[in-house]
Amino acid sequence: MDYTSIFWTLGVSFVLSVLFGPLFIPLLRRLKFGQQVRTDGPESHLKKTGTPTMGGIIILAALLLSFMKFADQGLEYWALLTACLGFGLVGFLDDYIKIVFKRSLGLTAKQKLFGQLLFSAIFCFILYQMDHSTIVGVPGTDWSVDLGWAYYLLVVIMFLGSTNAVNFTDGLDGLLSGTSALAFGAFAIIALEATQPQSAVFSAAVVGAVLGFLVYNAHPAKIFMGDTGSLGLGGGIAAVAILTKTELLLVVIGGVFVLEMLSVIIQVASFKLRGKRVFKMSPIHHHFELSGWSEWRVVTTFWFVGLLLAGAGLLLYKVG
């Protein structure tokens, strides 16, 4: 496996994603699969009501076809598909219920948690069959610890944390598409260095798919990815971090996602304990919007931060 194969995978996935756009966008519009916008959010977002959502189908379809073309089947192959498509399915059901049955919250919290735990458990079973190492290393150091069976608990926590964090990030036109492309790009390089060819191919396929989707998702967005895309991407990036043995490095490379999730946790905790809000609105990208930043300025700033964090993650990997 070399960079040429990676670029081919990325290129094919990008082209497929771009080609799928004109097919799916009119279809979703005819089916009236439109976005429901929060009435308590920034007023400028109200005009986005009705914009086709569930565009994650485009991302998942493009990356799946490209991945299947260039990857070799094996346990790692099935682990990656389980994580990405499994969590993507949970997101699809959530989107579908929101739109078709007019339930603003989609799946109940228990239903969503059940789906997330189910696919986490299947992924853990595949890891066990792979005889995957349960040793976790600290980025940038020689420190490591063998967690034994507790490692599988870490895996579940990673999936729950990653999918929710990535989902929180999907709130502005192109924000998640750009930041996820940067994060998966970093993991594609790490996977090559770690001789994990399937993870490298998968990461490259994701980069191509989200960049192709960005053609239609950049401001002003013609389509949103919905939970179908965000949960699928969250599951995929957690899986790649686990398979490349860079579990803790995910916190750095996916730092934008972590920041978004922490802002929500801090906001909720502060309001419940003190009756006061820390941010004007959470997730934190909305705070900057309500502070007077344009949507494009928020998105490009977060992309830049994502680029810096991806670079920092690669540097830590090299040092370690």
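The coordinates are above.
Parameters and conventions
- Residues numbered from 1 in each chain as written.
- Predicted model: local features only at pLDDT ≥ 70, side-chain atom pairs only at ≥ 80, totals over all residues.
- Heavy atoms only, no water.
- Helix = DSSP H or I, 4+ residues; strand = E, 2+ residues; numbered from the N terminus.
- Rg over C-alpha atoms; globule rule 2.2 N^0.38 Å.
- Buried < 20%, exposed > 50% of the residue type's maximum accessible area, 1.4 Å probe, protein only.
- Contact = heavy atoms within 4.5 Å.
- Axes fitted to C-alpha atoms, helices over the stretch in contact; angles between N-to-C directions.
- Parallel < 35°, antiparallel > 145°, perpendicular 65-115°, else oblique.
- Left-handed = near helix turned anticlockwise from the far one by under 90°.
- Nonpolar A, V, L, I, M, F, W, Y, C, P; charged D, E, K, R; others polar.
- Expected span 1.5 Å × (residues − 1).
- Salt bridge = Lys/Arg side-chain N within 4 Å of Asp/Glu carboxyl O.

Participant: Explain the overall build of the protein chain to me, please; I cannot follow it from the model alone.
Facilitator: A count of helices and strands for the protein chain gives 12 helices and two strands. Starting at the N terminus, the α and β elements of the protein chain follow one another as α-α-α-α-β-β-α-α-α-α-α-α-α-α. Over its C-alpha atoms the protein chain spans a radius of gyration of 19 Å, differing by no more than 12% from the 20 Å that the globule rule assigns to 320 residues. Burial statistics for the protein chain: of 320 residues in total, 51% are counted as buried. Taking the intrachain contacts of the protein chain between residues at least 6 apart in sequence as the baseline, contacts between residues at least 24 apart amount to 76%.

Participant: Sorry if this is basic, but what is going on with the side chain of Thr82 here?
Facilitator: By the element assignment, Thr82 lies in helix H3 (residues 75-100). Apart from residues no more than four positions distant in its own chain, Thr82 is found in contact with Phe87, Phe119, Ile122, Phe123 and Ile126.

Participant: Would you mind showing me how to read the packing of H3 against helix H8 (residues 226-243) here?
Facilitator: When two helices pack together, their arrangement is given by the angle between the helix axes and the distance between those axes. As a packed pair, H3 and H8 sit with axes 7 Å apart at the nearest point and diverge in direction by 160°. When the axes of H3 and H8 are compared, the pair comes out roughly antiparallel. Of the two possible hands of crossing, H3 and H8 adopt the one that is right-handed. Grouping the constituent residues of the contact of H3 with H8 by class yields 11 nonpolar, seven polar and five charged.

Participant: Whenever I open this one, H8 confuses me. Can you help?
Facilitator: Along an α-helix, residues three or four apart share an orientation, since each turn contains 3.6 residues. For H8, spanning 18 residues, the distance from its first C-alpha to its last is 26 Å, which sits close to the expected 26 Å at 1.5 Å a residue. With 18 of 18 residues buried, H8 is to be regarded as a mostly interior element.

Participant: Please explain the pattern of salt bridges as it appears in this structure.
Facilitator: One side chain can pair with another of opposite charge once the charged atoms of both are near each other. Scanning all chains against the criterion turns up six salt bridges. With its nearest N and O atoms 3.9 Å apart, the salt bridge here joins Asp227 to Lys112. Within this pair, whereas Asp227 is found in helix H8, its partner Lys112 is found in helix H4 (residues 109-130), the two being separated by 115 residues in sequence. Since its relative accessible area comes to 8%, Asp227 is described here as buried. Under the relative-accessibility criterion, Lys112 is labelled buried at 19%. Where Glu193 meets Lys318, a salt bridge forms, and the shortest distance between an N and an O atom there is 3.4 Å. Remark: Lys318 occurs in helix H12 (residues 295-319) and Glu193 occurs in helix H6 (residues 175-193); sequence separation between them is 125 residues. Each of Asp94, Lys98, Lys112 and Asp227 takes part in salt bridges that share partners, so that together they form one network.

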